[in-house]
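Each chain, written out:
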Amino acid sequence: MITDEQILSASQVCPNCLMADRNGLPRWRRGQLGCGKALQQSTPRQAKIYKCQMGFNVTQVN
């Protein structure tokens, strides 16, 4: 999760979200966030950024 001032782990935020999976994590499906909307088109060199239902910006970091 990306806020204006910090980066938070999904395990800190998602357990309180009704859209999280049963493990309390974001719903990633085939590299797409199932509980949010893409904010922009990404290129292979850019990470996709999503806006989740709780209002956080989310990206997947491996």
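Quick note: structure is the one above.
The sections below set out a description of the structure shown in this document. Source: prediction; values computed, not measured. (Residues numbered from 1 in each chain as written. Predicted model: local features only at pLDDT ≥ 70, side-chain atom pairs only at ≥ 80, totals over all residues. Heavy atoms only, no water.)

Of all hydrophobic cores here, the largest spans 12 residues; its members are Met1, Leu8, Val13, Cys14, Cys17, Ala20, Leu33, Cys35, Tyr50, Cys52, Phe56 and Val58. Aside from chain neighbours lying at most four places away, what touches Leu8 is Met1, Thr3, Val13 and Phe56. (Core = buried A, V, L, I, M, F, W, Y, C linked by side-chain atoms within 4.5 Å. Buried < 20%, exposed > 50% of the residue type's maximum accessible area, 1.4 Å probe, protein only. Contact = heavy atoms within 4.5 Å.)

Spatial ordering of the open sheet is given by E3-E4-E5, a layout of 3 strands whose pairing is antiparallel. Of all strands in the sheet, those bounded by a partner on one side alone are strand E3 (36-38) and strand E5 (57-58). In the sheet, strand E4 (residues 50-52) pairs with E5 via 2 bridges, with the strands oriented antiparallel. Considered in E5, the bridge of Lys51 is made with Asn57. (Pairing = 2+ DSSP bridges. Helix = DSSP H or I, 4+ residues; strand = E, 2+ residues; numbered from the N terminus.)

A word on the environment of Met19. Assignment of secondary structure puts Met19 in the loop between helix H1 (10-13) and strand E1 (28-29). According to the relative accessible area criterion, Met19 is partly exposed, its value standing at 36%. Sequence separation between Met19 and Met54 is 35 residues, and the spatial gap between their C-alpha atoms is 9.0 Å. With sequence-adjacent residues up to four places away left out, Met19 is seen in contact with Arg27, Cys35 and Gln53.

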